[in-house]
Amino acid sequence: PGRVGDTYWRLGIKYLHAWQESVLQVTQRDDDACSAAQTRSNLIIEAPTGGGKSLVGDVLLLKRVFETGKLGLILLPFVSVCEEKYEHLTQLLEGTGKIVKGCYGVRGGLNGAPGPEVAVLVCTFERANSVLR
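In this report, we go over the structure that sits alongside the text.

Here is what the cut-offs are and how they apply
- Residues numbered from 1 in each chain as written.
- Predicted model: local features only at pLDDT ≥ 70, side-chain atom pairs only at ≥ 80, totals over all residues.
- Heavy atoms only, no water.
- Axes fitted to C-alpha atoms, helices over the stretch in contact; angles between N-to-C directions.
- Helix = DSSP H or I, 4+ residues; strand = E, 2+ residues; numbered from the N terminus.
- Parallel < 35°, antiparallel > 145°, perpendicular 65-115°, else oblique.
- Contact = heavy atoms within 4.5 Å.
- Core = buried A, V, L, I, M, F, W, Y, C linked by side-chain atoms within 4.5 Å.
- Buried < 20%, exposed > 50% of the residue type's maximum accessible area, 1.4 Å probe, protein only.
- Left-handed = near helix turned anticlockwise from the far one by under 90°.
- Salt bridge = Lys/Arg side-chain N within 4 Å of Asp/Glu carboxyl O.

Following both chains from N to C, one finds helix α1 (residues 2–10) and helix α5 (residues 79–93) inclined at 120°, their axes separated by 8 Å at the closest point. Our classification of the angle between α1 and α5 gives oblique. Where α1 abuts α5, its residues V4, T7 and Y8 lie against H88, Q91 and L92.

Written out as structure tokens, the structure is:
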């Protein structure tokens, strides 16, 4: 939703790189990246550190979550990386009526299925194993 874009603007992201626009653009272009995003097929992004890969991944994930109403799942290897992603996504979802749930380290867990307000679960690999069972 537009609120996510507004949050990126407030965070100082005022423009996208050309490759990011090509991946996120919703037009009928024939380039591979654009058609991969539109058809919901797999997408491999290769860019240098700080090149904006996470932004594209986050936007595509949230777009899918809001379009389908399904839960997004992010698996990360370390608690510290999970904490960063949790905080970032919480900021992005502010004011949307959706929340992020963290399942890593000593944080959280699920007692049953997540409620409809939960948009994304951020988990370490170990905690995801127990959450998904």
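From this point, the narrative continues.
Let us look at the nonpolar core. Grouped together as the largest cluster of nonpolar side chains are 19 residues, with contacts concentrated most on L62, L89, L92, V100, V120 and V122. Sorting the residues of this core by element identifies α1, α4 (53–68), β1 (72–76), α5 and β3 (118–124) as the ones contributing at least two each. Per-element tally for this core: the top contributor is α5, with 5 residues. In this structure, L62 is in contact with V4, L89, L92, L93 and V120, ignoring residues within four places of it in sequence. One finds V118, L121, C123 and A128 within the second-largest nonpolar core, a separate group that totals 6 residues.

Taken N-terminus to C-terminus, the directions of α4 and α5 make an angle of 55°; their axes are 12 Å apart at the nearest point. The orientation of α4 with respect to α5, classified from their angle, is oblique. Note on packing geometry: the crossing formed by α4 with α5 is right-handed. From α4, S54, D58, L62 and F66 reach across to α5, where they touch K85, H88, L89, L92 and L93.

What the rule picks out here adds up to 2 salt bridges. As a salt-bridge pair, K85 and D58 come within 2.8 Å of each other at their nearest N and O atoms. In this pair, K85 is assigned in helix α5 and D58 in helix α4, connecting sequence segments 27 residues apart. Given the relative accessible area of 15%, K85 is considered buried. Taking the shortest distance from any N to any O, the salt bridge between K63 and E67 comes out at 2.4 Å. Note that K63 and E67 are positioned in helix α4 at a spacing of 4 residues, about one turn of the helix. For K63, a relative accessible area of 37% gives the class partly exposed. Here E67 falls in the partly exposed class, since its relative accessible area comes to 42%.

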